[in-house]
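This is what each chain is made of:
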Amino acid sequence: MGVSTYTSDLVVVGLGYVGLPLAHEASRSGLRVTGLDVSRHVVDGLNAGRSHIDDLSESDIADMRVAGFTATSDPSVLRGAQTIVICVPTPLTAEGSPDLGAVTAAAESIAAHLSPGTLVVLESTTFPGTTDEVLRPILEKSGLTAGRDFHLAFSPERIDPGNPVFGVANTPKVVGGHTELCGELAAAFYGKFVRTVVRARGTREAEMAKLLENTYRHINIALVNEMAVFCRELGVDLWDSIACAATKPFGFQAFYPGPGVGGHCIPIDPNYLSYKVKTLGYPFRFVELAQEINARMPDHVLRRAQDMLNEAGLALSRSTVLLLGVTYKADIADQRESPARPVAAKLADKGATLVYHDPRVSEWQVDGRPVPRVDDLDRALAEADLTILLTDHREYTPELLLERSRRLLDTRGVLRRATPEGPEGRITAPVARDGVQVL
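Residues numbered from 1 in each chain as written. Predicted model: local features only at pLDDT ≥ 70, side-chain atom pairs only at ≥ 80, totals over all residues. Heavy atoms only, no water.

Novice: Whenever I open this one, the pattern of salt bridges confuses me. Can you help?
Specialist: Opposite charge on two side chains makes pairing possible when the charged atoms of those side chains draw close. Inspection of the entire model under this criterion finds 29 salt bridges. Taking the shortest distance from any N to any O, the salt bridge between Asp44 and Arg40 comes out at 2.8 Å. Taken as a pair, Asp44 and Arg40 lie in helix 2 (residues 40-47) at a separation of 4 residues, close to a single helical turn. Given the relative accessible area of 47%, Arg40 is considered partly exposed. The residue Arg136 makes a salt bridge to Glu140 at a minimum N-O spacing of 3.2 Å. For Arg136, a relative accessible area of 22% corresponds to the partly exposed category. (Salt bridge = Lys/Arg side-chain N within 4 Å of Asp/Glu carboxyl O. Helix = DSSP H or I, 4+ residues; strand = E, 2+ residues; numbered from the N terminus. Buried < 20%, exposed > 50% of the residue type's maximum accessible area, 1.4 Å probe, protein only.)

Written as structure tokens, this is what we have:
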């Protein structure tokens, strides 16, 4: 099939935090891009020039539209695609097992419209074997054979929402093909708009690479979270210890404690690997232990809050608690798996009166109940019996927190971030006033 017969160089299936930046970068490179999404709200918004993710502005969407990008919910656009990239969600079921419903639904739609010569790439995070054991058989219902009539590959997404330095173009892209030729064609495709493409041996190795990245982070975050629980009782300033250890130029990478883990990767992805390992009859104890430790952190925050109020002669059940930041990560609006939600639920269960402030979230609910949003931050800091910093948005500066809050629990270490070494060789600053504690 000649290139001239294709109506799209690329169809991106799923226009969320992964698919839309991919479509944007591909459009910038000159490719003809079509976006396919089941949400009419998303499709209509994009066609009207509106962005629904943090990393792309309305100006970016306008540039995509000028370059020929269109969004649709009509799967017939798949028939004319030279390349199809699947970027749909892979969440967990209520039981904690992989939910591949969106992947299989996308695969069924593609199979119904698959043309000879098309390259199909899965980017959604999943367990090793999914591309070959789940995706390929569905696509081959088309009557076409992978590696002969169409090309198949896996390339793990590496989107880091809110990262001002690394995006699609300058983050190395791992690619694993169903066959050697599949891998070559997928690498050539991504090479049109990604600076560095890394070839994995096959689809399983590429699938495992993404799980390894996030399992590594998950386990190391759990390590410092557990240390945060007992270091206080040992009289150890963990933030100072981490800053000191991080001066070693080899063999150590700094991770920091917090109120839990959130986002679309760390709380979810390691479970995909654990699930696959369990099918072999083995427990994956590292992942299971890390999940247990990180899931306990909201309880630790609750205990610290109760202790701080008790020391001031106040009961949590008669106190107003101000929560600063309810997204899972600083300076973005994404609330997926945010630890702020279980922290708030536990505080509410103990009778606390909750209010919140977040410059990127206008309305917020916990267990179906709305939490009042404060607009006057200075006044709220002065009036709250306790303020808990849960997300370190740039607006929450150390100066603001120290000068305005009555009592503060900083769960993100904003007040203890390492700084360049001073005249005495210190790299962290001590908290400068009573009524302020760092997790």
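Structure shown, so let's carry the discussion forward.
Novice: Would you take a moment to explain unusual backbone geometry for this structure?
Specialist: Working note: non-glycine residues mostly have negative phi, and peptide bonds are mostly trans. For Asp331, which is not a glycine, the phi torsion comes out positive at approximately 65°. Mapped onto the fold, Asp331 is located in the loop between strand 9 (320-324) and helix 11 (340-349). The backbone of Glu337 shows a phi angle near 60°, a positive value even though the residue is not glycine. Here Glu337 lies in the loop between strand 9 and helix 11.

Novice: Just to check I follow, could you spell out the packing of aromatic side chains for this structure?
Specialist: Each aromatic ring pair is summarised here by two numbers: the centre-to-centre distance and the angle between the ring planes. All chains considered together, the criterion is met by 7 aromatic pairs. On the basis of an interplanar angle of 80° and a centroid distance of 5.4 Å, the ring pair of Phe189 and Phe193 is categorised as edge-to-face. An identical accessibility class is assigned to Phe189 and Phe193; each is buried. A ring pair is formed by Tyr216 and Phe255, whose centres lie 5.7 Å apart and whose planes are at 70°; its orientation type is edge-to-face. Linking Tyr216 in helix 7 (residues 203-234) with Phe255 in the loop between helix 8 (238-245) and helix 9 (269-278), this pair joins segments that are 39 residues apart in sequence. Among the residues examined, Phe255 registers a relative accessible area of 11% and is labelled buried. (Phe/Tyr/Trp six-rings, centres within 6.5 Å; stacked < 30°, edge-to-face > 60°.)

Novice: Could you clarify how one ought to interpret helix 6 (residues 180-190) in this entry?
Specialist: Think of an α-helix as 3.6 residues a turn; residues three or four steps apart then line up on the same face. Turning to helix 6, its buried residues number three or more, namely Cys182, Gly183, Ala186, Ala187, Phe189 and Tyr190. Relative to the axis of helix 6, the buried residues are bounded by an arc of 160° and lie together on one face. (Arc of directions from axis to C-beta.)

Novice: Just to check I follow, could you spell out the sheet that holds strand 10 (residues 353-357) for this structure?
Specialist: Paired through their backbone hydrogen bonds, the strands of a sheet run either parallel or antiparallel. Ordered by their spatial adjacency, 5 strands build an open sheet running 10-9-13-14-15, and the pairing between neighbours is parallel. Of all strands in the sheet, those bounded by a partner on one side alone are strand 10 and strand 15 (436-438). If you compare each strand with its neighbour and ignore which way they point, the axes differ by 20° on average. Examined bridge by bridge, strand 9 and strand 10 share 5 bridges and lie parallel to one another. (Pairing = 2+ DSSP bridges. Axes fitted to C-alpha atoms, helices over the stretch in contact; angles between N-to-C directions.)

Novice: Honestly, the state of the cysteines in this entry has me stumped. Any pointers?
Specialist: A disulfide bridge is the covalent bond that connects two cysteines by way of their sulfur atoms. Taken as a whole, this structure holds 0 disulfides when the rule is applied. Summary of cysteine pairing: Cys182 is not part of a disulfide, and the nearest cysteine sulfur, belonging to Cys87, is at 18 Å. (Disulfide = S-S within 2.5 Å.)

Novice: What's the story with the environment of Ala330 in this structure? I'm lost.
Specialist: One can find Ala330 in the loop between strand 9 and helix 11. When the C-alpha positions of Ala330 and Leu390 are compared, they lie 9.4 Å apart, and in sequence the two are 60 residues distant. Once you skip the residues sitting within four places of it in the chain, Ala330 turns out to touch Thr391, Asp392 and His393. (Contact = heavy atoms within 4.5 Å.)

Novice: Got a minute to help me understand the environment of Cys87 in this structure?
Specialist: Mapping Cys87 onto the fold places it in the loop between strand 4 (81-86) and helix 4 (101-111). Residue classification places Cys87 among the buried residues on the basis of a relative accessible area of 8%. When the C-alpha atoms of Cys87 and Gly281 are compared, they prove to be 30 Å apart, with 194 residues separating the residues in sequence. The residues touching Cys87, leaving out its near neighbours within four places in the chain, are Val12, Val13, Gly14, Val18, Gly19, Leu22, Glu123 and Ser124.

Novice: Can you help me understand the side chain of Arg407 in this one?
Specialist: You can see Arg407 is positioned in the loop between helix 13 (398-404) and strand 14 (408-410). Here Arg407 sits buried without a salt bridge, and the closest side chain of opposite charge, Asp385, lies 4.6 Å off (N-O distance). A polar contact of 2.9 Å, which involves the side chain of Arg407, links it to the backbone oxygen of Asp385. Not counting residues within four places of it along the chain, the set of residues in contact with Arg407 comprises Ala312, Leu314, Asp385, Leu386, Thr387, Arg433 and Gly435. (Lys, Arg positive; Asp, Glu negative; His and termini not counted. Polar contact = N/O pair within 3.5 Å; in protein donor to acceptor, adjacent residues only side chain to side chain.)

Novice: What exactly am I supposed to notice about the nonpolar core here?
Specialist: Looking at soluble globular proteins, one finds that nonpolar side chains tend to be buried together. If you look at the biggest cluster of nonpolar residues, it comprises 35 residues, and the most contacted ones within it are Val13, Ile86, Ile110, Val120, Leu139 and Phe150. Elements represented by at least two residues in this core include exactly strand 1 (8-13), strand 4, helix 4, strand 5 (119-122), helix 5 (130-139), strand 6 (151-154), helix 7 and helix 9. Excluding anything up to four places from it in sequence, Ile110 contacts Leu78, Ile84, Ile86, Val120 and Leu139. Counting residues in each nonpolar core, the second largest holds 33 residues, with Ile53, Ala153, Ala186 and Phe193 among its members. (Core = buried A, V, L, I, M, F, W, Y, C linked by side-chain atoms within 4.5 Å.)

Novice: Help me understand the pairing of strand 2 (residues 33-36) in this model?
Specialist: The side chains of a regular strand alternate between both faces of the sheet. A two-sided burial pattern is seen for strand 2, the buried positions comprising Val33 and Gly35 on one face and Thr34 and Leu36 on the other. Here 4 bridges tie strand 1 to strand 2, and the two strands are oriented parallel to one another. Residue pairing for strand 2: Val11 is matched across the bridge by Thr34. After leaving strand 1, the chain enters helix 1 (residues 19-28) and then returns to the sheet as strand 2, a path that is right-handed. Inspection of the sheet shows strand 2 paired to strand 3 (residues 70-72) by 3 bridges, in the parallel sense. Note on strand 3: the bridge partner recorded for Thr34 is Thr70. (Right-handed = clockwise from strand over helix to strand, strands pointing away.)

Novice: Explain the packing of helix 5 against helix 7 here, please?
Specialist: To characterise two packed helices, one gives the angle between the axes of the helices and the distance between these axes. Remark: helix 5 packs on helix 7, axes separated minimally by 8 Å, with the N-to-C direction vectors making an angle of 115°. Comparing the axis directions of helix 5 and helix 7 gives the class roughly perpendicular. Every residue of helix 7 that contacts helix 5 at Thr130, Thr131, Asp132 and Glu133 is listed here: Thr203, Arg204 and Glu207. Of the residues assigned to the contact of helix 5 with helix 7, the class counts are no nonpolar, 3 polar and 4 charged. (Parallel < 35°, antiparallel > 145°, perpendicular 65-115°, else oblique. Nonpolar A, V, L, I, M, F, W, Y, C, P; charged D, E, K, R; others polar.)

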